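Here is how the chains run, residue by residue.
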Amino acid sequence: MQLPHFHSTPRNSKSLLARSIAFGWAPLRRTRKTWLLLLFGLSLTAISIRAGTKPDVLVLRPDIQPYRDAYRGMFEEIGDQFNVAEFLISRDTKVDEVGWVVESLDPRLVVLMGNYAIRHYRGYLDRSKPYAKRRPIVGLMAILVERQLKNLPNAAGIQYEVQGVTIFTHLRSLVRAPIKRVGVLVRENQNFFIQAQIPACAREEIELVPYLLPSTAPRMDKHIKYGLRHLIRIEKVDALWMLNDSVIVSPEMLQDVWIPVLNRYRKPVVVGVERLIKPPIELGQFAVVPDHYELGVQAAQLVWDISERDWQATELGFQPPLSVKKLLNRKKMESSIGMNEDVIMEIDLVIE
Amino acid sequence: MRLFFFCLLHLVATGASYAQGPKVYAFLPSNIRPHAMQGLISREAPGIDITFFGRYREFEVQLKQSRPDAIVTFRMVGENLAKESKNPLAPLLIGKREGETSEKFILLAVGKKIDLGQIENIGIGVVSLMGRRQMAHFLATEFKVGKIRIKTVTKLEDLLSLLQFQDVDAILVPESQLSYYNERSKLNLVATELDGITLALPVVFKITEDPNKIQQLEKAFQGLEPKIKGLLGVDQWIQP
């Protein structure tokens, strides 16, 4: 199965085209000049779309593995029903390039994978005519995607952040000890995320116990240390959940706070990054990370649903990711906590 | 010298392929990861070269690219593959559990039974055994409705996520999986029985006509430990 794709237009060859369309996307009217420019542009890019067809779905994504996996998942699911094209972008891609591709191909729907794709596409929309905003968008694999796509009138998407209830349900089946209360350190400016987790956790009879840290502080290490001790000694939580927050899980914080404080902690620590359960760090025993291929499959489902709603995305909203990969540091888990051996066969990666 | 190494490599490669037993592709979505099932069966039945697939699309693509000697999957999947490829697949061994070759499907919902009279208006989560379009067609036929709203997932556990996120009204699962969901979740899961909607148990379909390979396949699958057969969803294999 061949995946149709674009590559970003070579920079030195794009300037004429960029200048030609930099008049605020008074969107490429199909004049002879425009078509010549379009043909010129197409000749400079590696395009492999079925002749005579315009894509139903245009995917903007970076050319790195997790995004390739997500694209593959999506393409394998809908590639036989929709004409799908992709345009590879990077941090250096210009908004004009994105705009040119979108205007030229005029897809029915755009899939934005990652923060750069969203940023560039928003940049394009800022310069374009209002009708461009009506084209449906599916956003995924971006931090707090719902916030990034807010105010856009026809957007849906899949959140990148794995939900607490998913993590704790898997943890509960893996360990013998009861998991009823889970502690989490969260900065005040991200507390909205934790608050949104509480109802789903409560339905599964798991109490989420957040400890609020200041959004910024000159000595964040002291706040983290105090917070961890509070959750462990005062709240006596059954497990700790470590959020992927670059401020509280920086290399310095890991070295100076997390590792020393959790050195003798004998309860589960769940993380969202593989390296935190692998040597030499081995901070947690269990990691739950997004399954990128399945994110693509889930995005494909959204594309189906949007197409069935006459290309209206808004009412579908932003969904949590359904599928995850589970990674286990078996030695560390066995040495500190009893484990249900039968469940090992449900783990995607076991680090022995 | 280079030619010698090529010849040597060729000999090693062909020797290795002759040494291997019949090639089997398996697609049986369960809570167990495909690599774990593959490792387990490879150890238990070294006479066959088995590959497990976790996703229907991968299974389907691989079947087109490289033909195995046999496949193990649910009967409905085999029949769908045969229909799409227009090549009939002959059952070699039929799975049986507790004396039956099929089991009932049930609908699981949170806190209430499903009104089957309203089936067209509810969202149903289901593991994708044949791709979304085929699954929707299969279920619409089984429920005797024109159209059905489904959400497909790849893994069993993702069906639970659909219920946890209140993304669907119910999930469609074989009755034997009820205990899996009850063990995993504290949600008040209520089952709605479905008259006449069943899942035929796994079948070993032969593709090869080589009698030696067929014999090897029968021996390997019949000889599996009861626990391993249980993981495949059967307790015995019978001749068609």
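Per chain, residue numbering runs from 1 following the sequence as it is written. Chains and ligands are labelled sequentially in the order written, the chains with letters from A and the ligands with numbers from 1. With the structure being a predicted model, the display of local features is reserved for residues of pLDDT at least 70 and the display and counting of side-chain atom pairs for 80 or more, all residues being used for whole-chain, interface and lining totals. By convention in this description, side-chain values take in all heavy atoms of the structure and omit both hydrogens and water.

S.K.: Teacher, can you tell me more about the overall build of chain A here?
M.R.: When its secondary structure is counted, chain A shows 12 helices and 13 strands. Going through the 352 residues of chain A one by one, you find that 58% of them count as buried. In what follows, a contact means two residues having at least one pair of non-hydrogen atoms within 4.5 Å. The long-range share in chain A, meaning contacts at least 24 apart out of those at least 6 apart in sequence, stands at 75%. A 1.4 Å probe and the Shrake-Rupley method give the accessible areas. Residues count as covered only by the protein chains that appear here. When the accessible surface of chain A is totalled, it reaches about 15,500 Å², and 52% of it is carbon and sulfur. Secondary structure is summarised from DSSP: a helix means a run of H or I of at least four residues, a strand means a run of E of at least two, and numbering begins at the N terminus for each. Each residue's exposure class comes from its accessible area (1.4 Å probe, protein chains only) as a fraction of the maximum for that residue type: buried when under 20%, exposed when over 50%, partly exposed otherwise.

S.K.: Help me understand the nonpolar core, please; the structure alone is not making it clear to me.
M.R.: The tendency in soluble globular proteins is for nonpolar side chains to be buried side by side. Nonpolar cores were defined as sets of buried Ala, Val, Leu, Ile, Met, Phe, Trp, Tyr and Cys residues, with membership established by side-chain atoms within 4.5 Å. Ranked by size, the top nonpolar core spans 115 residues in total, and within it W241 of chain A together with F59, V77, L129, F143, Y181 and F221 of chain B carry the most contacts. Among the nonpolar cores identified, the runner-up in size contains 29 residues, and L228, L231, V257 and V269 of chain A belong to it.

S.K.: Where do I start with the pairing of strand β1 (residues 23–27) of chain B in this structure?
M.R.: Side-chain direction in a regular strand flips from residue to residue, so the side chains alternate between the two faces of the sheet. Residue and element names in this part refer to chain B. Of all the five residues making up β1, four are buried; the element is thus mostly covered by neighbouring parts of the structure. We call a crossover right-handed when, viewed with the strands running away from us, the connection from the first strand over the helix to the second turns clockwise. Regarding the hand of the β-α-β motif, the stretch spanning β1, helix α2 (residues 34–44) and strand β2 (residues 49–53) is right-handed. Relative to strand β3 (residues 70–74), β1 is paired through four bridges, and the arrangement is parallel. Directly across from A26, in β3, lies its bridge partner V72. Note on pairing: DSSP must find at least two bridges between two strands before they are called paired.

S.K.: What should I look at first to understand the pattern of salt bridges in this one?
M.R.: It is possible for side chains bearing opposite charge to pair when their charged atoms get close. When a carboxyl oxygen of Asp or Glu lies within 4 Å of a side-chain nitrogen of Lys or Arg, that pair is called a salt bridge. Evaluated as defined, the whole model comprises 34 salt bridges over all chains. K278 of chain A is paired through a salt bridge with E274 of chain A; the nearest N and O atoms lie 3.2 Å apart. Classification of E274 of chain A as partly exposed rests on a relative accessible area of 30%. The closest approach of N and O atoms between D291 of chain A and R55 of chain B, which form a salt bridge, is 3.7 Å. On the criterion of chain membership, the pair formed by D291 of chain A in the loop between β10 (286–290) and α11 (292–308) and R55 of chain B in the loop between β2 and α3 (56–65) is interchain, its members lying in two chains. Residue classification places R55 of chain B among the buried residues on the basis of a relative accessible area of 16%. One network of salt bridges, with partners in common, ties together D291 and E294 of chain A together with R55, E58 and K155 of chain B.

S.K.: Please explain the interface of chain A and chain B as it appears in this structure.
M.R.: How big an interface is tends to be expressed through the accessible area that disappears when the partners come together. In this complex, chain A contributes 36 residues to the contact, which on the side of chain B involves 33 residues. Counting every contact that joins chain A to chain B gives nine salt bridges. A salt bridge links D348 of chain A to R33 of chain B, with the nearest nitrogen and oxygen atoms 2.8 Å apart. Any N or O atom pair separated by 3.5 Å or less is treated as a polar contact, with the protein-specific requirement of one donor-capable and one acceptor-capable atom, and with residues adjacent in sequence counted only for side-chain atom pairs. Between chain A and chain B we count 24 residue pairs in polar contact (both at pLDDT 80 or more) in total. Those elements that place two or more of their residues in the side of chain A that touches chain B are α3 (65–78), α7 (164–174), α8 (191–203), α11 and β12 (324–329) of chain A. For the side of chain A that touches chain B, the class distribution of residues is 12 nonpolar, nine polar and 15 charged. Under the scheme applied, nonpolar residues are Ala, Val, Leu, Ile, Met, Phe, Trp, Tyr, Cys and Pro; charged residues are Asp, Glu, Lys and Arg; polar residues are all the others, including Gly.

S.K.: Explanation requested: the sheet that holds strand β11 (residues 236–238) of chain B in the structure shown.
M.R.: Picture the strands of a sheet paired through backbone hydrogen bonds; they go either parallel or antiparallel. All names here are of chain B. Here we have six strands laid out as an open sheet, ordered β2-β1-β3-β10-β4-β11, and mixed in their pairing. Edge positions in the open sheet fall to β2 and β11, since each of these has one partner strand only. The sheet shows a mean angle of 25° between the axes of neighbouring strands, taken without regard to direction. Sheet topology places β1 next to β2; five bridges connect them, and they run parallel. Bridging from a neighbouring strand, F27 pairs with F53 of β2. Running over the sheet, helix α8 (residues 211–222) touches β1, β2, β3, β4 (90–96), β10 (202–206) and β11 and is turned about 10° from β4. Structural elements are reduced to axes, namely lines fitted to C-alpha atoms, with helices fitted over the stretch in contact, and the angle between N-to-C directions of any two is expressed from 0 to 180 degrees.

S.K.: How should the sheet that holds strand β9 (residues 189–200) of chain B be read in this particular structure?
M.R.: Residues and elements named next belong to chain B. The five strands lie next to each other as β7-β6-β8-β5-β9, forming an open sheet whose pairing is mixed. The strands lining the two open edges of the sheet, one partner per strand, are β7 (149–153) and β9. Averaged over all adjacent pairs, the angle separating strand axes in this sheet is 30°, with direction ignored. Of the pairings in the sheet, the one linking strand β5 (residues 102–110) to strand β8 (residues 170–174) comprises four bridges and is antiparallel in character. Residue pairing in the sheet places L108 in a bridge with I171 of β8.

S.K.: Any chance you could explain the packing of helix α9 (residues 220–234) of chain A against helix α10 (residues 251–262) of chain A here in plain terms?
M.R.: Two numbers describe a pair of packed helices, the interaxial angle and the distance between the axes. Residues and elements named next belong to chain A. Two elements in contact, α9 and α10, have axes separated by 10 Å at closest approach and are oriented at 20°. Accordingly, the angle class assigned to the pair α9 and α10 is roughly parallel. Between α9 and α10 lies a crossing whose hand is right-handed. Where α9 approaches α10, its residues M220, D221, I224, K225, L228 and I232 are matched on the opposing element by M253, D256, V257, W258, V261 and L262. Along the lines of polarity and charge, the residues of the contact of α9 with α10 split into nine nonpolar, no polar and three charged. Orientation categories follow fixed angle ranges, with anything under 35 degrees roughly parallel, anything over 145 roughly antiparallel, 65 to 115 roughly perpendicular, and all other angles oblique. When the near helix sits turned anticlockwise from the far one by under a right angle, the crossing is termed left-handed; a clockwise turn instead gives a right-handed crossing.

S.K.: Help me out: how do you make sense of a positive patch on the surface in this one?
M.R.: Any residue with relative accessible area above 30% and no salt bridge may belong to a patch, with like charges joined within 9 Å and the nonpolar Val, Leu, Ile, Met, Phe, Trp and Tyr side chains within 5 Å. For this count, His and the chain ends are skipped, Lys and Arg are scored as positive, and Asp and Glu as negative. Think of each charge as sitting on NZ of Lys, CZ of Arg, CG of Asp or CD of Glu. A cluster of like positive charges, contributed by K222, K225, R229 and R233 of chain A, occupies part of the molecular surface. For K225 of chain A, the position within the fold is in helix α9.

S.K.: How should I be thinking about helix α6 (residues 156–164) of chain B in this particular structure?
M.R.: Helical periodicity: at 3.6 residues per turn, an α-helix aligns residues three or four positions apart in one direction. All names here are of chain B. Burial runs high along α6: nine of the nine residues are buried. When α6 is considered as a whole, its buried residues turn out to be L156, E157, D158, L159, L160, S161, L162, L163 and Q164. Following α6 by one or two positions, Q166 has its phi on the positive side, about 55°.

S.K.: I'm lost on the confidence of the model for chain B in this one. Help?
M.R.: Low-pLDDT stretches of the model should not have their predicted coordinates read in fine detail. In the predicted model, chain B carries a mean pLDDT of 90, and 92% of its residues have values of at least 70. A residue's pLDDT is the predictor's confidence in that residue, given on a scale from 0 to 100. Contacts for the low-pLDDT stretch residues 11–19 of chain B, under 50 throughout, to residues beyond four places or in other chains number zero contacts.

S.K.: Sorry if this is basic, but what is going on with unusual backbone geometry here?
M.R.: Residues and elements named next belong to chain A. Here the residue pair P279 and P280 is connected by a cis peptide bond, since its omega of 5° sits within 30 degrees of zero. Tracing the sequence through the fold places P280 in the loop between β9 (269–271) and β10. Within the chain, M141 stands out as a residue other than glycine whose phi angle is a positive 60°. Relative to the helices and strands, M141 is located in the loop between β4 (137–140) and α6 (145–148). With a phi close to 65°, W311 is a non-glycine residue in the positive phi region. Structurally, W311 can be placed in the loop between α11 and β11 (318–319).

S.K.: I would appreciate a short explanation of the environment of N80 of chain B in the present structure.
M.R.: Residue and element names in this part refer to chain B. Among the structural elements, N80 can be located in helix α4 (residues 75–85). For N80 and Q134, which are 54 residues apart along the polypeptide, the C-alpha to C-alpha distance reads 8.4 Å. Setting aside residues no more than four positions away along its own chain, N80 makes contact with Y56, M130 and Q134. A polar contact of 3.3 Å, which involves the side chain of N80, links it to the side chain of Y56.

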